[in-house]
Amino acid sequence: MVFVGQQTVASLVASSVVVGVSAFQSSPIFSTTVTPRSSSLKVAVDPTVVTKTEYADICGVSFNNEDMGKRLERTSFLYPKHVEVIEDFAEVANEAVDQILLETGEHAWQPQDYLPDLSKDGWMEEVRELREMSKGVPDDVMVVLVGDMVTEEALPTYQTLLNTFEGCDDPTGTTDSAWARWSRGWTSEENRHGDLLNKYLYLTGKTDMRAIEVTIQHLITSGFNPKARKDPYRGFLYTSFQERATKVSHGNVGKLARQHGDANLQRICAKIAGDEGRHEKAYQLFVSEILKRDPNGLMMELGDLMREQIVMPAELMTDGADKHLYENFSAVAQRLNVYTAIDYAEILKHLVKTWDLETLDGLDGPAEKEREYICKLPERYTKLAERSMNKKKKATEDEVTAKAFSWIHGRQV
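Here is what the cut-offs are and how they apply
Residues numbered from 1 in each chain as written. Predicted model: local features only at pLDDT ≥ 70, side-chain atom pairs only at ≥ 80, totals over all residues. Heavy atoms only, no water. Helix = DSSP H or I, 4+ residues; strand = E, 2+ residues; numbered from the N terminus. Contact = heavy atoms within 4.5 Å. Areas by Shrake-Rupley, 256 points an atom, 1.4 Å probe, with all protein chains shown as cover. Buried < 20%, exposed > 50% of the residue type's maximum accessible area, 1.4 Å probe, protein only. Arc of directions from axis to C-beta. Salt bridge = Lys/Arg side-chain N within 4 Å of Asp/Glu carboxyl O. pLDDT = per-residue confidence, 0-100. Patch = residues over 30% accessible without salt bridge, like charges linked within 9 Å, V, L, I, M, F, W, Y side chains within 5 Å. Phe/Tyr/Trp six-rings, centres within 6.5 Å; stacked < 30°, edge-to-face > 60°. Axes fitted to C-alpha atoms, helices over the stretch in contact; angles between N-to-C directions. Parallel < 35°, antiparallel > 145°, perpendicular 65-115°, else oblique. Left-handed = near helix turned anticlockwise from the far one by under 90°. Nonpolar A, V, L, I, M, F, W, Y, C, P; charged D, E, K, R; others polar.

Considerations on the overall build of the chain
Move 1: Looking only at helices and strands, one finds 15 helices and two strands in the chain.
Move 2: Partitioning the intrachain contacts of the chain with sequence separation of at least 6 by distance along the chain shows that 81% fall at a separation of at least 24.
Move 3: Carbon and sulfur atoms make up 50% of the accessible area of the chain, which amounts to about 21600 Å² in all.

Let's talk about helix α3 (residues 80-88)
Move 1: Inspection of α3 places H82, V83, V85 and I86 among the buried residues, and these make up the whole buried set. Looking down the long axis of α3, one finds its buried residues gathered within 160° of arc, a one-sided arrangement. With respect to the buried face of α3, the exposed residues turned more than 90 degrees away are K81, E84, E87 and D88.
Move 2: Buried residues along α3 sit against α4 (90-99), α8 (178-204), α10 (232-259), α11 (263-293) and α12 (295-308).

Let's talk about the pattern of salt bridges
A side chain of one charge can pair with a side chain of the opposite charge when the charged atoms of the two come close.
Move 1: All chains considered together, the criterion is met by 24 salt bridges.
Move 2: Between E280 and R244 there is a salt bridge; the shortest N-O distance is 2.6 Å. With E280 in helix α11 and R244 in helix α10, this residue pair connects regions lying 36 residues apart in the sequence. Each member of the pair, E280 as well as R244, is classed as buried.
Move 3: When salt bridges that share partners are traced, they join R229, R234, E301, D304 and E308 into one network.

Looking at unusual backbone geometry
Move 1: Of note, R229 is a non-glycine position whose phi angle comes to about 60°, a positive value.
Move 2: By the secondary structure assignment, R229 is in the loop between α9 (209-222) and α10.
Move 3: Residue class for R229 comes out partly exposed when judged on its relative accessible area of 43%.
Move 4: At D356, a position not held by glycine, the phi torsion is positive, near 55°.
Move 5: Tracing the chain through its elements places D356 in the loop between α14 (341-354) and α15 (365-398).

Re the side chain of E189
Move 1: When you line up the elements, E189 lands in helix α8.
Move 2: Take E189: its relative accessible area is 4%, and that puts it in the buried class.

What about the confidence of the model for the chain?
Move 1: Per-chain confidence: the chain averages 87 in pLDDT, with 80% of residues scoring 70 or above.
Move 2: Note on residues 3-42: pLDDT is under 50 here. Beyond four places in sequence and across chains, it has 54 contacts.

Looking at a nonpolar patch on the surface
Move 1: Side chains of L118, W123 and M124 sit close together on the surface and give an oily, nonpolar patch of about 300 Å² of accessible area.
Move 2: Within the element layout of this structure, L118 appears in the loop between α4 and α5 (123-134).
Move 3: With a relative accessible area of 49%, L118 lands in the partly exposed category.

Looking at the packing of aromatic side chains
Move 1: All told, the structure shown has 19 aromatic pairs when counted by the stated rule.
Move 2: Aromatic pair Y158 and F224: ring centres 5.9 Å apart, planes at 80°, arrangement edge-to-face. Of this pair, Y158 sits in helix α7 (residues 155-162) while F224 sits in the loop between α9 and α10, and the two are 66 residues apart along the sequence.
Move 3: Note on Y158: relative accessible area 3%, which makes it buried.
Move 4: Pairing F236 with F286 gives two aromatic rings, centres 5.3 Å apart and planes at 55°, and the pair type is tilted.

Overview of the packing of α8 against α11
Move 1: Where α8 meets α11, the closest approach of the two axes is 11 Å, and the angle between their N-to-C directions is 160°. Here α11 runs roughly antiparallel to α8, going by the angle between their axes. The chirality of how α8 crosses α11 is left-handed. Of α11, the residues touching α8 (which contributes W179, W182, W186, E189, E190, R192, H193, L196, L197 and Y200) are L265, I268, I272, D275, E276, R278, H279, A282, Y283 and F286.
Move 2: Counted by class, the contact of α8 with α11 contains 12 nonpolar, two polar and six charged residues.

Written as structure tokens, this is what we have:
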């Protein structure tokens, strides 16, 4: 997944920790003085020294996955109506797993299909050919490629995000629900993208892989807040936008690779863009199903999400030295027309058309106002983007301030 966006809002989560020594032993951090005002006994329970039945009696939770799942199903939701809607078209998610996601194992493409096989004779020649082709790719294109790869490699953050959408989570890790199957299947396909780009960059010998690895670790550690708020409506609206943005970015990098004579990189980017295109259709299908069942609710969430603008996860990237790494990377991407403000407006225009929002009727008053607001946004964003890009183009013609990137050994672009 590749992203260029606006701003991220941090959230604070409070947690409590109970420290213990062994089963039924009072925690040493508490005073041994008896306090008559409270009858509760603060103890830590070690499940390794009690039976499952005893543990269930003490904690109210058994070790059994089925029982755990039932308990979690009874947990109250922040968005009960939204969860009901999501559950109502779970079969659509099942079909998406079977018809949109590819088969796994031998029937699915893997990164190795697009890279030299170092276990075979002649691998040195294949590596030499890959390096020779990559020589023609200029540093600015390499910077954008690295930025795309770093964002793909933060996949653990994205699966974590999917599991926060109420009604769509995978509470046990092996839950057999339609939404859990979709989440795991989607993740397994996305996992190939970062792997492939990472190995390609390593084999070119043109980048500082350690600086890139540091950036990946920082990005995963930092996380990101897409403002989904655990709401499946907002979550699927966000992914509908984001997957298309990813497809656009990878596709444009592939075009640049072809222009500079790197057929290998062009094939790689085209393959990844194809995956993103399939995933985009799935998420947009999910939103279409929500529209059939709760158009008022969806319009309210989409309007609010667009007022805040789409937040993209890569904006917290840093290599530990450049505090403005994301802004610098984004500037290069825009300069090369890999992903621009125009693309942002075009994606919104595409979504309005895909969901047929221009002709959507039967809404209540507030939702209708949001629909009108949303339908006007593409034209408004396009005008603002053109104005902004013209200003930047004029400034660029006068002087381009080159920035150094650790990813390419400190060279400037």
